[in-house]
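Report on the structure
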Amino acid sequence: MKIILTMTEKQIKRALVSVYHKDGLDAILTKLHAEGVRFISTGGTQSFIESLGFPCDAVESLTGYPSILGGRVKTLHPKVFGGILSRRDNPTDREQVSEYEIPEIDLVIVDLYPFEATVASGAGEAEVIEKIDIGGVSLIRAAAKNFKDVVIVASKAQYEPLKQILDKKGARTTTEERRWFAAQAFAVTSAYDSAIFGYFDGDDHTAFRAAVDHPMPLRYGENPHQKGTFYGNFDKMFDRLHGKEISYNNLLDIDAAVSLIDEFEPVTFAVLKHNNACGIATRSTAVEAWKDALAGDPVSAFGGIIITNVPVDEDVAEEINKIFFEIIIAPDYTIEALEILKQKKNRIILLRKKSRFPARQFRSLLNGVIAQDKDLSIQSAADLVPMTEHKPDKRETDDLLFANKIVKHSKSNAITLVKNRQLCASGVGQTSRVDALKHAIEKAASFGFDLKGAVMASDAFFPFPDCVEIAHNAGITAVVQPGGSIKDDQSTAYCNEHSISMVKTGIRHFKH
């Protein structure tokens, strides 16, 4: 917020303060008291203000009513809301304020009961309902509506902007400043109402409501001529240890990388480009995993994003540092590793923190929004249903599961080819499944992979037996697919005739 000095500033003379969390409030109250501001408050907040040595009028003395109904009704009274909503330049309002002896309130500092935190704690419905704030929301909306005369501080996040004003010019504000506070206030109440609606709506999804704070301006959108902003708490998920600002496309790649790596428990490295894995390998050591992930497509790895599920040490960093890449994500780094990786000033180094992600996804589409459950389904060996006479052995089964995890996170139509828990090649984003397979085979050959004994995963069923025939001719010995085509029997017959193992999962993994 930009602080503006003008001749039309309004003086803060009286403040209503009613907060649930009091951390950081003492500095604000001290500044206000020094400026001669009088305080009105309730219960615990009044006691807190008085403990600082500042006089404070009780709301009860203003309204003539005590806090009633177990604290549900404290500030809901004309003498409170009249003082907030009265228009200072309206003669009728001024007459009525005088007639009913309503003191004008110039500043409202309030926060809301912790509804979302209470829900997250697993509390019972009775406790959750009691955390639906009524008076606080009403105070916020009233003060924000009358921003021409009143300052509203609706959460702890606005303490610092208010303190900056007090430090710079005392208890005086401009219309522009009050309007800024009002906008923040309505953001608070809209998010609060969205959370309450979400609780009551549950899994019915009768309407779409989303409120996300923490805007992070991006260098630009998908292209330089497009503006872009990320809404979300990036710092809660990652520590940016080094490098330039995150871009829109970086975020898409980071999201894809995190979703992919979370499928794997053993030591794994992955390299992604444009949201797709161009290399991934699981090995007994991090150095081996990195080298074999890079071998999957060392050309596409240029300028890509690297992610791992294990700490990065000096030996791994030395190997990684041999190529140009945009971002690396890991759960930890040694000091020596960071010294190596920081040699490129723009290279983004992210330390991943433990965090939870939403189970629902949405994006804008046409004149609305589409939403769905996130694809959290992944298959184990027990989910692989044999379709052929020949069954995959242990090594093939491990590779089929590995390949199926990768194809799940690849743009459709997608085919992945895997051997010894290493991605040999993939064909992604093709309009034809045959083209996706041919592209993967050609790519594998260009990087020297021998596909004899490799396995193939498909994100959707084979409408015709041509894919298994092409795969067989390339050396593929085992296949995993969802199944469900009316011509499954033709693909199965070809596999039986040529001793290929094929299993189905019953789960399609389209990704668009």
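Here's what I pulled together on the structure shown here. Computed from a predicted structure; not experimentally measured. (Residues numbered from 1 in each chain as written. Predicted model: local features only at pLDDT ≥ 70, side-chain atom pairs only at ≥ 80, totals over all residues. Heavy atoms only, no water.)

A few points about the sheet that holds strand β15 (residues 348-352)
Applied cut-off: The rule for pairing is simple: two strands pair if DSSP sees at least two bridges between them. Helix numbering and strand numbering both begin at the N terminus, where a helix is a DSSP run of H or I of at least 4 residues and a strand a DSSP run of E of at least 2. The convention used is that axes are lines fitted to C-alpha atoms, helices contributing only their stretch in contact, and that angles between N-to-C directions extend from 0 to 180 degrees. Here a residue-residue contact requires only that any non-hydrogen atoms of the pair lie within 4.5 Å.
Strand order in the open sheet formed by 6 strands is β10-β15-β14-β13-β11-β12, with mixed pairing between adjacent strands. The open sheet is flanked by β10 (238-242) and β12 (276-282), the only strands paired with a single partner. Taking each pair of neighbouring strands and ignoring which way they run, the sheet shows an average axis angle of 20°. Both strand β13 (residues 304-308) and strand β14 (residues 325-330) contribute to a ladder of 4 bridges, which runs parallel. Its bridge partner being in β14, G304 is matched across the sheet by F325. Across the sheet, helix α12 (residues 248-261) touches β10, β11 (268-273), β12, β13, β14 and β15, and the angle it forms with β13 is around 30°.

Details of the packing of aromatic side chains
Stated precisely, the cut-off is as follows: Pairing of aromatic side chains here covers Phe, Tyr and the six-membered ring of Trp, requires ring centres within 6.5 Å, and sorts the geometry by plane angle: under 30 degrees stacked, over 60 edge-to-face, intermediate tilted. Think of it in three bands: residues with accessible area under 20% of the maximum for their type are buried, residues over 50% are exposed, and the middle band is partly exposed, with areas taken using a 1.4 Å probe on protein chains only.
Within the structure shown, the criterion is met by 12 aromatic pairs. Residues F115 and Y192 carry aromatic rings whose centres are separated by 6.3 Å and whose planes lie at 65° to one another, so their mutual orientation is edge-to-face. Residue F115 is located in helix α6 (residues 115-120), and its partner Y192 is located in helix α10 (residues 175-201); the two are separated by 77 residues in the primary sequence. For F115, a relative accessible area of 2% gives the class buried. Between Y199 and F200, the ring centres sit 5.4 Å apart and the planes meet at 85°, which makes this aromatic pair edge-to-face. The partly exposed category is assigned to Y199, whose relative accessible area is 25%. Of the aromatic side chains, those joined through ring pairs into one cluster are F115, Y192, Y199 and F200.

Here we look at the pattern of salt bridges
For clarity, the threshold we go by: A pairing counts as a salt bridge when a side-chain nitrogen of Lys or Arg comes within 4 Å of a carboxyl oxygen of Asp or Glu.
In this structure the tally under the stated criterion is 24 salt bridges. Between K443 and D297 there is a salt bridge, with its nearest N and O atoms 2.6 Å apart. Separated by 146 residues along the polypeptide, K443 in helix α17 (residues 433-446) and D297 in the loop between α13 (286-295) and β13 bring together distant segments of the chain. Judged by its relative accessible area of 19%, K443 is buried. Here D459 and R433 are joined by a salt bridge, their closest N and O atoms 2.4 Å apart.

Function-wise, these values are silent; they only describe arrangement.
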